[in-house]
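Report on the structure
Below, each chain spelled out in residue letters.
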Amino acid sequence: MSWQNVRGHESLVETIRHVIESGRLPHAFLFVGPEGVGKHTFARKLAQAMLCERRGEAELDPCGICPGCVQVSAETHPDLLLVHRPEDKHELPIQTIRELCRTLSLKPARGSHRFAIVADADDLNEESSNAFLKTLEEPPPGSVLILIGTEPEAFLDTIVSRCRVLRFERLSDDDVAAILLDRNLAESAAEAERMARLSNGSVRRAIALADPVLAEFRRGMFEEIASPGGFDAPGLARRVDTFCREAGKEGVLHRERACVLIGELVGLFRGVLWQTAGLAPPSPDPDDRDAARSLAETCEPEDVFLLAERCVDAEAQIKRMTNLTLVFESLAHDLDHILSKNIS
Ligand SMILES: [Zn+2]
């Protein structure tokens, strides 16, 4: 069991190696970077290394087989706290953070460290952020807090200044393909490569797009929006809404699918921008390129920024639990409005 399966972040692994060798593990980390590039895997690997009961003091690799390692993998280790935003909330509740800080202040149950990994840390509100400050200012002995988010700007300066910030970059296509194969998410090397080329450096996106139903819907949505005569906004909003609700029973699945589709639209508009700048769109998919080319013929670059910006707003609304039907109706209306002003 080694850090080898933490792919694409070799320089960060080196940073951790130095930290462990020096014997001075920071009490708080802030991991930032795009979604789906391995921040959680990295955090858990660090926790496993520190909670491994057989690892030599200055070694980096957890053994993978001792009770400590096994319990970290199974998420049952008494010194590993995992916290994320509840699915029906748009913020990390203050109660959850207070409870976490209290537990973190207790003596480790088994070894010398107690770890807390906080996912969705972008969703800390000011009150919850402030609840961390005492723990950050006077860290309990042996405690290690890892906050995982996307942008350092999303955090209060008082948090950032007390954390060791590690920045995670997008993965290369080769790393995405290797991760898909490692986890048996692709049936062949060729399929893994194809998925990786569409992933924009995110394993999560590669997995989402591997769903043929989603890929087909995405294709239809792109064609419709790029159609030279404009598109039927209320009809498209209805179809997207229905499709998202078909993702499963729970609202969280509807919102996840909605965010994937909106993320894809942002990718499409990015391609249009490249096209208007006279460059080939970054997507290797010929159909994506056709859609981008067609939109570029009717759009000025400033329109493309508006389109992308409108999608980013819609994604934020979805994360704030706004009703999906309303989000799609208003998004489709606005996209149509921006696009149709250029259709003569
Ligand atoms: Zn171990």
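Structure first, text after, so check above.
Below you will find a few notes about this structure.

So, how was this worked out
Residues numbered from 1 in each chain as written. Predicted model: local features only at pLDDT ≥ 70, side-chain atom pairs only at ≥ 80, totals over all residues. Heavy atoms only, no water. Axes fitted to C-alpha atoms, helices over the stretch in contact; angles between N-to-C directions. Helix = DSSP H or I, 4+ residues; strand = E, 2+ residues; numbered from the N terminus. Parallel < 35°, antiparallel > 145°, perpendicular 65-115°, else oblique. Contact = heavy atoms within 4.5 Å. Nonpolar A, V, L, I, M, F, W, Y, C, P; charged D, E, K, R; others polar. Core = buried A, V, L, I, M, F, W, Y, C linked by side-chain atoms within 4.5 Å. Buried < 20%, exposed > 50% of the residue type's maximum accessible area, 1.4 Å probe, protein only. Polar contact = N/O pair within 3.5 Å; in protein donor to acceptor, adjacent residues only side chain to side chain. Donors = N, O, S within 2.8 Å, 3.2 Å for Na, K, Ca; no water. Tetrahedral: all angles 85-135°; square planar, octahedral: opposite > 155°, others 65-115°.

**Looking at the packing of helix H4 (residues 94-104) against helix H5 (residues 126-137)**
One can describe the packing of H4 onto H5 by two numbers: an axis separation of 9 Å at closest approach and a directional angle of 10 degrees. When the axis of H4 is compared with that of H5, the two are roughly parallel. Counted together, Ile 94, Ile 97, Arg 98, Leu 100, Cys 101 and Leu 104 of H4 and Glu 127, Ser 128, Ala 131, Phe 132 and Thr 135 of H5 form the full contact between these two elements. Considering only residue class, the contact of H4 with H5 consists of seven nonpolar, two polar and two charged.

**Describing the nonpolar core**
If you look at the biggest cluster of nonpolar residues, it comprises 43 residues, and the most contacted ones within it are Met 221, Leu 265 and Phe 269. At the level of elements, helix H10 (212-226), helix H11 (233-245), helix H12 (251-276), helix H13 (286-298), helix H14 (301-319) and helix H15 (324-340) are the ones that each hand at least two residues to this core. Filtering out sequence-adjacent residues up to four positions away, Met 221 remains in contact with Leu 236, Val 240, Leu 261 and Leu 265. Leu 12, Ile 20, Ala 49 and Val 203 belong to the second largest nonpolar core, which has 39 residues in total.

**Regarding the side chain of Gln 48**
You can see Gln 48 is positioned in helix H2 (residues 39-51). We classify Gln 48 as buried; its relative accessible area is 5%. Here Cys 69 takes part through its backbone oxygen, which lies 3.0 Å from a polar atom of the side chain of Gln 48.

**A closer look at the side chain of Asp 285**
Residue position: Asp 285 is located in the loop between H12 and H13. Within the local environment of Asp 285, its side chain forms a polar contact with the backbone nitrogen of Asp 287, the two atoms lying 2.7 Å apart. Here Asp 285 is in contact with Leu 198 and Arg 219, once residues within four sequence places are set aside.

**Side note on the coordination of the zinc ion**
In an ideal tetrahedron of four donors about a metal, each angle is 109.5 degrees. In an ideal octahedron of six donors, the angles are 90 or 180 degrees. Only Cys 52 (SG), Cys 63 (SG), Cys 66 (SG) and Cys 69 (SG) from the protein reach the zinc ion as donors, at distances of 2.3 to 2.4 Å. Seen from the zinc ion, its four donor atoms lie at angles of 105 to 117 degrees, and the figure they make is tetrahedral. In primary-sequence terms, the residues that donate to the zinc ion follow C-x10-C-x2-C-x2-C.

**Describing the environment of Arg 7**
You can see Arg 7 is positioned in the segment before helix H1 (10-22). For Arg 7, a relative accessible area of 28% translates into the label partly exposed. A polar contact is formed between the side chain of Arg 7 and the side chain of Asp 182, at a distance of 2.9 Å.

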